[in-house]
Amino acid sequence: MVYYGIALVVAMPKSSSLIHNSMAPDLPTAAADRFAASSRRRDLVFVVNPKGANGRTGKDWKKLLPYLRSRLGNHCNICESLTSGPCHAIDITREAIREGADAVIAVGGDGTLHEVINGFFWGGKPVSCQDPQVSHTTALGLIPLGTGSDFARTLKWKNSPQDAIERIAKGQRSRIDIGVISGEDGESHYFNNVADIHLTAKAGYYASKYKRFGNLCYVIGALQAFFGHHNQDLKIKVNEGEWEVYSQVTALCIGNAKFFGGGMKITPNADPTSGNFEVVTLQDFKWYHFIRYLHRLYNGTHLSVKNVSSISAHTLEIEEVSGNSNIYVQSDGEFLGFLPRKFCILPTSIEMIS
Ligand SMILES: Nc1ncnc2c1ncn2[C@@H]1O[C@H](COP(=O)(O)OP(=O)(O)OP(=O)(O)O)[C@@H](O)[C@H]1O
């Protein structure tokens, strides 16, 4: 099997013994390890962003690799593919699924996970294996090694790559919902975490330029976004109902999961297995409201604050009233352009190693 863009293929013979090092404590393997029961070696494709978290992802990955080989190499073909730049993870993932990989595992932050998820789709449809004899589906995996790693927070995963590898070894899968965003050009864009509009999206746009400062980038981005910000009236259609005007919207957040911006629990009731988004709207907020309620935004207790509302929805259409075309849209921290946009949930659309 040859995967597009793969820098290195590491396949250990079945007979090789476990390698122990400082990162490899003696873990219980026998009962839990599904792969041992199977005669077929699994093809696992690790999509690694070496530049994630300011280059820390690449360094951590190198340290992790010997442990990964020792834990999984007996039963799996471990294919490592380093991304060469933005969007490369999308192409690698599509190619791996078409070739029949058992799992594509994002190694990096939320941006890398977002790209891998977008690689599960093409032309508005899920990508599938080209070989009709292959019956398994490709699962999504994650080793969170980014700056924010917000999706891992919703899953309540500890910040431990060894735990993530253990999950891959066990191979348990569960289905998650994915959000899809379509614009006037008809192109679909997929997200697993939170899509957001206006001030927070503008803050995310600026934050992405300051990633070298780690989590501080979100604070710098927010401060920059406040300059020249105006709350705006938006036209919103929920679940194919009637258009309604939401006045003086500061930010609108569409959560498939709970966190964004490096740990802010913006949509605290969102659940990627619920079949619905949680949509949280902040209206008529001034800069001092953010200072006053910042701790509540972080711990997810802001829904009872005045001018904050929350609804559950499976589709949402949003347009601006003024027609200035300057309302920012982002999803999973990636800038997508400006309103209008339509948001739909695709229930249980990806199998995730959980
Ligand atoms: N080789 C590369 N060089 C530069 N940028 C890359 C490369 N590979 C991927 N990228 C881009 O880096 C972006 C950010 O990566 P990633 O999400 O892994 O780390 P992060 O931003 O530090 O973490 P988080 O998104 O959790 O805050 C991705 O959206 C991707 O487009």
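Source: prediction; values computed, not measured.

The rules behind these values
- Residues numbered from 1 in each chain as written.
- Predicted model: local features only at pLDDT ≥ 70, side-chain atom pairs only at ≥ 80, totals over all residues.
- Heavy atoms only, no water.
- Salt bridge = Lys/Arg side-chain N within 4 Å of Asp/Glu carboxyl O.
- Helix = DSSP H or I, 4+ residues; strand = E, 2+ residues; numbered from the N terminus.
- Buried < 20%, exposed > 50% of the residue type's maximum accessible area, 1.4 Å probe, protein only.
- Expected span 1.5 Å × (residues − 1).
- Bend = angle between axes of the 7 residues up to and from the residue.
- Contact = heavy atoms within 4.5 Å.
- Axes fitted to C-alpha atoms, helices over the stretch in contact; angles between N-to-C directions.
- Parallel < 35°, antiparallel > 145°, perpendicular 65-115°, else oblique.
- Left-handed = near helix turned anticlockwise from the far one by under 90°.

(A) Region of the structure containing the pattern of salt bridges. Here the structure, examined in full by the defined rule, presents 8 salt bridges. For Glu166, the salt bridge identified is with Arg71, shortest N-O distance 2.9 Å. Here Arg71 lies in helix α2 (residues 56-72) and Glu166 lies in helix α6 (residues 161-170), a separation of 95 residues in the sequence. Taken individually, Glu166 and Arg71 each receive the classification buried, so the pair is uniform in this respect. In this structure, Arg173 engages Glu351 in a salt bridge whose closest nitrogen and oxygen atoms are separated by 2.6 Å. Separated by 178 residues along the polypeptide, Arg173 in strand β8 (residues 173-182) and Glu351 in strand β18 (residues 341-353) bring together distant segments of the chain. A residue is classified by how much of its surface remains accessible, and Arg173, at 28% relative accessible area, is partly exposed.

(B) Molecular detail of α2. For α2, spanning 17 residues, the distance from its first C-alpha to its last is 23 Å, which sits close to the expected 24 Å at 1.5 Å a residue. At Leu64, α2 shows its maximal kink, close to 40°; a proline, Pro66, follows between one and four residues later. Its buried side turned inward, α2 meets β2 (42-48), β3 (76-82), β4 (103-108), β7 (139-144) and α6.

(C) Region of interest: the packing of helix α7 (residues 199-207) against helix α8 (residues 216-226). For the pair α7 and α8, interaxial distance at closest approach is 7 Å and the crossing angle is 125°. In terms of orientation, α7 lies oblique with respect to α8. Along this stretch, α7 crosses α8, giving a crossing that reads as right-handed. Across from Leu199, Lys202, Ala203, Tyr206 and Ala207 in α7, the residues of α8 making contact are Cys217, Tyr218, Gly221, Ala222, Gln224, Ala225 and Phe226.

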